[in-house]
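# Structure at a glance
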Amino acid sequence: MKNGLEDGSIRSYVRRRYEKAALQGVVIAEGAGCCAPGQSSCCGSSGDLTPEQLAGVKQLYETPDVLELPKEVTEIALGCGDPVTLASLQLGQTVLDLGSGGGIDCFLAAKRVGPGGVVIGVDMTPAMIDRARANREKLGAENVTFRLGEIEHLPVADGTVDVILSNCVINLSPDKPQVFREAFRVLKPGGKLAVSDIVTRGPLPDAVKANLAAWAGCVSGALEEREFVTLLEEAGFVEITLAPVALPREVIDEAVEQLEEVDRSGLPEEDVYQAVFSAKVTALKPA
Ligand SMILES: C[S@@+](CC[C@H](N)C(=O)[O-])C[C@H]1O[C@@H](n2cnc3c(N)ncnc32)[C@H](O)[C@@H]1O
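Residues numbered from 1 in each chain as written. Predicted model: local features only at pLDDT ≥ 70, side-chain atom pairs only at ≥ 80, totals over all residues.

### Let's talk about the overall build of the protein chain
What the protein chain contains, in helices and strands, is twelve helices and eight strands. In the protein chain, which comprises 287 residues, the proportion classed as buried is 51%. Sequence-distant contacts, at least 24 apart, represent 75% of the contacts inside the protein chain between residues at least 6 apart. (Helix = DSSP H or I, 4+ residues; strand = E, 2+ residues; numbered from the N terminus. Buried ≥ 20, exposed ≤ 12 C-beta atoms within 10 Å, placed from the backbone. Contact = placed C-beta atoms within 7 Å.)

### Side note on helix H6 (residues 126–139)
Helix length check: H6, at 14 residues, gives a terminal C-alpha distance of 20 Å against a target of 20 Å (1.5 Å per residue), a fit within 8%. The complete set of buried residues in H6 reads Met128, Ile129, Arg131, Ala132, Asn135 and Arg136. Projected down its long axis, H6 shows its buried positions confined to an angular sector of 160°, all on one face. Among the exposed residues of H6, those oriented more than 90 degrees off its buried face are Pro126 and Glu137. Where the residues of H6 are buried, they touch helix H1 (7–24), helix H3 (71–74), strand S2 (118–123) and strand S3 (144–148). Looking one or two residues past H6, Gly140 carries a phi angle of roughly 65°, positive in sign. (Expected span 1.5 Å × (residues − 1). Arc of directions from axis to C-beta.)

### A word on the site of the ligand
Taken together, 24 residues surround the ligand, and among them Gly79, Gly99, Gly101, Met124 and Thr125 come closest. Those elements that place two or more of their residues in the shell around the ligand are H1 and helix H5 (104–113). (Near = placed C-beta within 6 Å.)

### Regarding helix H10 (residues 225–235)
Within an α-helix, residues lying three or four positions from one another point in the same direction, as the helix has 3.6 residues per turn. Among all positions of H10, only Phe228, Leu232 and Ala235 are buried. Taken down its axis, H10 places every buried residue within 65° of arc, on the same side. For H10, exposure combined with an orientation more than 90 degrees from the buried face picks out Arg226 and Glu234. In this structure, the buried side of H10 is in contact with helix H7 (176–186), strand S5 (187–200), strand S6 (223–224), strand S7 (238–245) and strand S8 (276–284). Directly beyond the C-terminal end of H10, a positive phi value near 115° is found at Gly236.

### Observations regarding the pairing of S8
Sheet topology places S5 next to S8; nine bridges connect them, and they run antiparallel. Bridge pairing in S8 links Thr200 to Val276. (Pairing = 2+ DSSP bridges.)

### Some remarks on the packing of H1 against H6
Between H1 and H6, the least distance of the axes is 7 Å, while the angle of their chain directions is 35°. Both H1 and H6 take part in a crossing whose hand is left-handed. Counted together, Tyr18, Glu19, Ala22 and Leu23 of H1 and Ala127, Met128 and Arg131 of H6 form the full contact between these two elements. Here the residues of the contact of H1 with H6 are counted per class, giving five nonpolar, no polar and two charged. (Axes fitted to C-alpha atoms, helices over the stretch in contact; angles between N-to-C directions. Left-handed = near helix turned anticlockwise from the far one by under 90°. Nonpolar A, V, L, I, M, F, W, Y, C, P; charged D, E, K, R; others polar.)

### Topic: the packing of H7 against H10
Direction vectors running N to C along H7 and H10 enclose 45°, while the axes themselves pass 9 Å from each other. Here H7 is positioned oblique relative to H10, judged by the angle of their axes. Helix-helix and strand crossings are classified by hand; for H7 and H10 the assignment is right-handed. Counted together, Lys176, Pro177, Phe180, Arg181 and Phe184 of H7 and Leu231, Leu232, Glu234 and Ala235 of H10 form the full contact between these two elements. Residue classes in the contact of H7 with H10 are distributed as six nonpolar, no polar and three charged. (Parallel < 35°, antiparallel > 145°, perpendicular 65-115°, else oblique.)

### So, the nonpolar core
Core analysis: the largest hydrophobic core is formed by 79 residues, its most contacted members being Leu96, Ala109, Val119 and Ile164. For Val119, the residues in contact, after removing those within four places along its chain, are Val95, Asp97, Cys106, Ala109, Ala110, Val113, Asn143 and Val144. (Core = buried A, V, L, I, M, F, W, Y, C linked by C-beta atoms within 7 Å.)

Laid out in structure tokens, this is it:
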């Protein structure tokens, strides 16, 4: 139970929300990350990327490799950062992406690790896995596989992964300590975690935290930055870093818009800009 919401209800709602995204087609608009339900600017129908949408992709990713990906991949990008660049991947590594969605970070990672490396994407939404596998076919990315599963119960053997990536997914989990324990389990000794995610500075009002739509839109489930670090430490990680990523104000505006159905009287709008932000997080499993 989280903020009056049942874990099962959160998971079902999140899965339905991202199933809809996978089936309808989603675009990054003006740098938007996790997209909010009902936002036509973000969850529009798929088609050629407009110049603004392309600018959004460029804004989110530091690597120019993203511009080489076909629109079938970039239009279903729903992240809030660039964990692939953060990870400094090496040729030959085994990489795992938690909540891989349409596969954008898996395909970027596949290029970095080369044909001698392996990339595994795990996602709990069957329609997202179908979409990612179709993208894999289109790209001929032979070193990438997608597995249906929950990040709290990873379908991956112990101590087999060099680097774990995740882009705007951990905030959606109703059981974050379990996500970090699983990440620790599957990493090799000395393995690295590189995560982009929404975090908060200070608590959000209860009405916001108890709203399922705001949870699925990556706001209510976000950890406070200190709690993020504490949970990683409790799972056994060391050398933890957490730094904010500057997101364009429009991205935060989109997150704020989805709170319209919530009583935000305890949360003046300006505070939201400071309270909710995207962070890049790294951590190591001790060697
Ligand atoms: C905001 S999208 C991000 C997708 C992808 N990382 C990207 O950057 O485009 C969240 C994805 O995580 C998946 N997801 C959410 N919670 C999950 C969980 N507990 N276990 C596995 N997948 C999950 C959803 O199905 C969805 O595809």
